[in-house]
Amino acid sequence: MPAAKTKNGFEPKICERCGLPFEWRKKWARDWANVKYCSQKCRG
Ligand SMILES: [Zn+2]
């Protein structure tokens, strides 16, 4: 079994601002390809 995938079937990303890994969230389901930050705070 590959270990890279998460339980959601999406690989974690690294926040471009704080550098921390974050996992797929349901609220990003439609826009995951464009998500670069872990939170609204980092995004702002
Ligand atoms: Zn962040």
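This write-up is about the structure you can find in this document. Model, not experiment: these values are computed from the prediction.

**Some words on the coordination of the zinc ion**
Note on the zinc ion: its protein donors are Cys15 (SG), Cys18 (SG), Cys38 (SG) and Cys42 (SG). The metal-donor distances range over 2.3 Å. Taken together, the 4 donor atoms surrounding the zinc ion define angles of 101 to 118 degrees at the centre, an arrangement classified as tetrahedral. Donor residues binding the zinc ion come from one chain and are separated in sequence as C-x2-C-x19-C-x3-C. Here Cys18, found in the loop between strand E1 (13–14) and strand E2 (21–22), pairs with Cys38, found in the loop between E2 and helix H1 (40–43); they are 20 residues apart in sequence, far enough to count as distant.

**Overview of the packing of aromatic side chains**
For the structure shown, the criterion picks out 5 aromatic pairs. Pairwise contacts between aromatic rings join Phe10, Phe22, Trp24, Trp28 and Trp32 into one cluster. In this structure, Lys13 packs its charged tip against the face of Trp32, placed 4.6 Å from the ring centre.

**Topic: the environment of Lys36**
With respect to the helices and strands, Lys36 occurs in the loop between E2 and H1. Judged by its relative accessible area of 43%, Lys36 falls in the partly exposed class. For Lys36 and Arg17, which are 19 residues apart along the polypeptide, the C-alpha to C-alpha distance reads 8.4 Å. When sequence neighbours within four positions are dropped, the list of residues in contact with Lys36 reads Ile14, Cys15, Glu16 and Phe22.

Rules used in this analysis
Residues numbered from 1 in each chain as written. Predicted model: local features only at pLDDT ≥ 70, side-chain atom pairs only at ≥ 80, totals over all residues. Heavy atoms only, no water. Donors = N, O, S within 2.8 Å, 3.2 Å for Na, K, Ca; no water. Tetrahedral: all angles 85-135°; square planar, octahedral: opposite > 155°, others 65-115°. Helix = DSSP H or I, 4+ residues; strand = E, 2+ residues; numbered from the N terminus. Phe/Tyr/Trp six-rings, centres within 6.5 Å; stacked < 30°, edge-to-face > 60°. Lys NZ or Arg CZ within 6 Å of the ring centre and 35° of its normal. Buried < 20%, exposed > 50% of the residue type's maximum accessible area, 1.4 Å probe, protein only. Contact = heavy atoms within 4.5 Å.

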